[in-house]
Amino acid sequence: MSDLITLTLPDGSSREVARGTTPAEVAASIGPGLAKAALAARVDGELRDLSRPILGDASLALVTVKDEAVALELARHDYAHVLAEAVQKLHPGTQITFGPSTDDGFYYDFAPVRPFTEDDLPAIEAEMRAVIARDQRLVREEWPRDRLIAHFKAHGEAFKAEWAAEMPDDEVLTIYRAGDQEDSWLDMCRGPHLPSTGKLDPNAFKLTRVSGAYWRGDQANAMLSRIYGTGWLNKKQLDAHLVQLEEAAKRDHRRIGQDMDLFHLQSEAQGSVFWHPKGYVLWRALEAYMRRRLDAGGYREVKTPQLMAARQWEQSGHWGKYRENMFVVPDEIPNTDDAAAIFSGTADLLALKPMNCPAHVLIFRQGIKSYRDLPIRMAEFGCCHRNEPHGALHGIMRVRQFTQDDAHIFCTAEQLIEEVRIFCDLLDAVYKDLGFDGYAIKLALRPDKRFGSEEMWDWSEQSLRDAVRATGRDTPEFGWEELPGEGAFYAPKLEFHLTDAIGRTWQVGTIQTDTVLPERLDASYVGEDGERHRPIMLHRAILGSFERFIGILIEHHAGKFPLWLAPVQAVVATIVSDADAYAGDVAAALTKAGLRVETDLRNEKINYKVREHSLAKVPYLIVVGRREAEEGTVALRPLGGGEQVVLPLAEAIARLAGEAVPPDLR
RNA sequence: GCCGGCUUAGCUCAGAUGGUAGAGCACCUGAUUUGUAAUCAGGGGGUCGCGGGUUCGAUUCCUGCAGCCGGCACCA
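What counts, and where the lines are drawn
- Residues numbered from 1 in each chain as written.
- Chains lettered and ligands numbered in written order.
- Predicted model: local features only at pLDDT ≥ 70, side-chain atom pairs only at ≥ 80, totals over all residues.
- Heavy atoms only, no water.
- UniProt positions renumbered as here; feature names shortened; annotations may be inferred.
- Buried < 20%, exposed > 50% of the residue type's maximum accessible area, 1.4 Å probe, protein only.
- Helix = DSSP H or I, 4+ residues; strand = E, 2+ residues; numbered from the N terminus.
- Arc of directions from axis to C-beta.
- Lys, Arg positive; Asp, Glu negative; His and termini not counted.
- Salt bridge = Lys/Arg side-chain N within 4 Å of Asp/Glu carboxyl O.
- Polar contact = N/O pair within 3.5 Å; in protein donor to acceptor, adjacent residues only side chain to side chain.
- Contact = heavy atoms within 4.5 Å.
- Pairing = 2+ DSSP bridges.
- Axes fitted to C-alpha atoms, helices over the stretch in contact; angles between N-to-C directions.
- Core = buried A, V, L, I, M, F, W, Y, C linked by side-chain atoms within 4.5 Å.
- Near = heavy atom within 4 Å.
- Nonpolar A, V, L, I, M, F, W, Y, C, P; charged D, E, K, R; others polar.

Per an unreviewed UniProt entry, chain A is named Threonine--tRNA ligase, and its organism is Glacieibacterium frigidum. You can read under Catalytic activity (unreviewed entry) in the UniProt record for chain A the words "tRNA(Thr) + L-threonine + ATP = L-threonyl-tRNA(Thr) + AMP + diphosphate + H(+)". Under the UniProt heading Subunit (unreviewed entry), the entry covering chain A gives this text: "Homodimer."

The following block contains the structure:
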């Protein structure tokens, strides 16, 4: 075997080097600038440490900060290691477990002597800077499993020892040592890493929060203490990210919901929303819009019971799989004797509906359905209750009572692809109308706990796959991917993830192919052949729930809603009290034209009124003073102070009324 | 449900080694009639989340509970 190997560089050139040469050495031979800038290497496409010898002919590309995504990933992973080293120094006895990079930084899970609090973070950050300042080399070593386990056991690292013991046999186990000393801090890690901690910018990270996290993500395991950080390549990036976080915080729907008087929550109705007049106006505009869209799309709207007997939920399968998340009440009159138990404990049980689908099947089952009736698109703004765990509740985004824009399409197997296509077009139009630019599509495949045969799942998954292909949306532009194990217990589902104004994604829409429920609830239609057949049932929603979707709308628009959705569309503000009567006339005329208008006749300066209504995010301020009153005009001031115009009242009304028309009616 | 934190006026927040609380905005009253992001003056407003304990005395310390916040788990 020759002692020389051939490396092919990205520019197509090749060079012969000694077998075992490291990428770092190659970089140095090319030039000192590259040697300094190199962070890692791609050897035959595989990302590796700079110090890892190359053992055979290969293509070699050196990774620098110009390869930002990779550099960030490496840096974040290193930050996690630095965090772990710092924590173990400051908090002896803390065990290390696991610490990956994330979308904006990193975290590390520890088994601590006592759980960390945010007060611990500043000292840990300082220690991390010390680790970075020491510029410790990160040295990769391959260790046999026994040595790893022995090492971790000897150091009281039970979690790491467990992890090492369970690594697959064919995996080469490696440790990274932070420094050259025999007793330098080390962690078991697959790597790769930057050449040394000094490559990290000590001012480009920040520890952000602490939380609990289960070992290996399993509720049955120990609760660990997780420290999160955000990490970047330089301070500028970090600062930009921190500004982003502030921006997101300003958009928080809970903050805006309170400021704009849209809704409130209180402990007596935990997880249920009190919609105030201004919030409910928005709800009604959205609901009316959706109703028109569904009517036009061939849906028929229904309304079904809130409470149904437990035996109905047993039959649908919800009772068995989902009971712990249902609100259940006994079917009896509560005992009015305070000394006795309120319920006998022997009555039949009723449950608040957590979903609308069984009731829709029950409507379908009334009378005989023919293949000529299909597809049947049955819609309901269905109010559902789900007994969510306390820790899951979040503002109006995750609640216990919510209303879905739900519908079920009963169709034949042959109609399925066309129905999915029609649905995608409808969803597309709705998201555009509501001001969103893009969305991604994912296919969630069969979960571990599920109903139905393997054949059924094979067929259902493939149908959805085919249907998306038929719409041409199975492309990277739509973020198309498949998610194993993420499906519902009765069906695989297509998920639609909206992208909002600041780049966050929200799973909202869904369509699911269900053959289980029609079977369980014995839904059938008479086919061309005169025989009974099972319909396919497509569960679908575009907004998901009104509560959550309105929350998303609030954050997407930062409360500055398009005119047709704005709770208060215009405020008529006077400059002098002499214009009060005219302001009243203006408001009345606008109201008559269907606009939501308020007047501000207060004895305040116009500056004050402008400021106040601007902060209240009112789309238009209609300013009237003596001049306007005399001339029959208004000064139309858009939110933000853009081009202001003085118009005759009739023109202003026409303009606002035109702009306030919902997008589907334009 | 689990880990950590928080809970003081309508809102945002100060505060006291334990002696029953304060600001700004908002609200009310008065003056001012004002031209595009805060006019001035005065006034009212609190069971300091709820329960128990320690104490002469608790909003403050301890403890239980609830809600909320950040995550974890969950999200049919």
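Continuing now.
Every buried residue of helix α18 (residues 606-615) is listed here: K609, V610 and H613. Buried positions in α18, seen along its axis, are confined to an arc of 100° and lie on one side of it. Within α18, the exposed residues directed more than 90 degrees away from the buried face are N607, R611 and L615.

The topology assignment puts R386 in the loop between β20 (376-385) and β21 (401-411). Within the buried core, R386 has no salt-bridge partner, and the shortest N-O distance to an opposite charge, that of E388, equals 5.3 Å. At 2.9 Å, the side chain of R386 forms a polar contact with the backbone oxygen of P354. For R386, the residues in contact, after removing those within four places along its chain, are Y322, N325, F327, P354, M355, R400, F402 and Q404.

Here we take up the pairing of strand β7 (residues 105-111). Counting buried positions over the 7 residues of β7 gives 7, a clear majority of the element. Going residue by residue along β7, you find G105, Y107, D109 and A111 tucked away on one face and F106, Y108 and F110 tucked away on the opposite face as well. Hairpin connection from strand β6 (residues 95-98) to β7: 6 residues lie between these consecutive antiparallel strands. Bridge count between β7 and strand β12 (residues 223-231): 6 bridges; the pairing is antiparallel. Each bridged residue has a counterpart across the sheet, and for D109 the counterpart in β12 is R226.

Our next topic: the UniProt feature "domain: Aminoacyl-transfer RNA synthetases class-II family profile" (unreviewed entry) in chain A. As recorded in UniProt, the feature "domain: Aminoacyl-transfer RNA synthetases class-II family profile" (unreviewed entry) lies at residues 252-562. Counted over residues 252-562, helix gives 32% and strand 26%. Its end C-alpha atoms are 18 Å apart.

Attention now moves to the pattern of salt bridges. Under the counting rule described, the total for this entry stands at 47 salt bridges. For the salt bridge of K250 with E247, the shortest nitrogen-to-oxygen distance reads 3.2 Å. Taken together, the residues span about one helical turn, with K250 and E247 both in helix α7 (residues 235-250) at a distance of 3 residues. Here D664 makes a salt bridge to R292, at a shortest N to O gap of 2.7 Å. With D664 in the segment after α20 (649-659) and R292 in helix α9 (residues 277-296), this pair connects stretches of sequence that are 372 residues apart. Here R292 falls in the partly exposed class, since its relative accessible area comes to 25%. Connected through salt bridges with shared partners, the residues E418, R421, D425, D428, K432 and R473 form a single ionic network.

Before going further, it helps to spend a moment on the environment of S267. Mapping S267 onto the fold places it in the loop between β13 (263-264) and β14 (274-275). With 389 residues separating them in the primary sequence, S267 and L656 have C-alpha atoms 40 Å apart.

The next thing to look at is the sheet that holds β7. Taken in spatial order, the 4 strands of this open sheet run β6-β7-β12-β11, and their pairing is antiparallel. Lying at the two open borders of the sheet, with one neighbouring strand each, are β6 and β11 (205-214). Ignoring which end each strand starts from, the neighbouring axes of this sheet average 30° apart. Summarising the sheet, β11 and β12 pair through 9 bridges and their orientation is antiparallel. Residue pairing in the sheet places R209 in a bridge with Y228 of β12. Its contacts with the sheet put helix α3 (residues 68-90) on β6, β7, β11 and β12, and the angle it makes with β7 is roughly 30°.

As a further point, take unusual backbone geometry. In this model, G191 is joined to P192 through a cis peptide bond whose omega is -5°. Among the structural elements, P192 can be located in the loop between β10 (186-188) and β11. P375 follows L374 through a cis peptide bond whose omega is 0°. Turning to its location among the elements, P375 is positioned in the loop between β19 (369-370) and β20.

Among the nonpolar cores identified, the biggest contains 62 residues, and Y431, L434, L494 and F496 are the most heavily contacted of them. Top contributing element to this core by residue count: helix α13 (residues 416-433), with 8 residues. Every residue in contact with L434, bar those within four places of it in the chain, is listed here: L286, L543, F549, L553, H556, H557, W564 and L565. In terms of nonpolar packing, the next biggest core, distinct from the first, is built from 37 residues, Y79, V82, F110 and L238 among them.

On to the protein's contact with RNA strand B, then. Close to RNA strand B lie 55 residues, the nearest being Y322, R386, H390, A488 and N603. Between RNA strand B and the protein, one listed contact pairs a base oxygen with a backbone N or O atom of S577 at 2.9 Å. Secondary-structure elements contributing two or more residues to the surface near RNA strand B are β11, β12, α8 (253-259), α11 (318-322), α18, α19 (626-631) and β32 (633-638). It is α18 that contributes the most residues to the surface near RNA strand B, 7 residues altogether. Here the surface near RNA strand B is composed, by residue class, of 21 nonpolar, 19 polar and 15 charged.

Bringing the environment of A488 into the picture now. One can find A488 in the loop between β23 (481-483) and β24 (493-499). Taking the C-alpha atoms as reference points, A488 and L445, separated by 43 residues in sequence, lie 8.3 Å from one another. For A488, the contacting residues outside a window of four places in its chain are P447, W457, K493 and Q512.

On to the sheet that holds strand β17 (residues 328-330), then. What the 3 strands build is an open sheet, ordered β16-β18-β17; its pairing is antiparallel. Taken across any chain shown, the strands that pair with only one partner, and hence form the sheet edges, are β16 (307-309) and β17. Neighbouring strand axes in the sheet, compared pairwise and without regard to direction, differ in orientation by 35° on average. The pairing of β16 with strand β18 (residues 349-352) spans 3 bridges and is antiparallel. The residue bridging M308 from the neighbouring strand is A351, located in β18.

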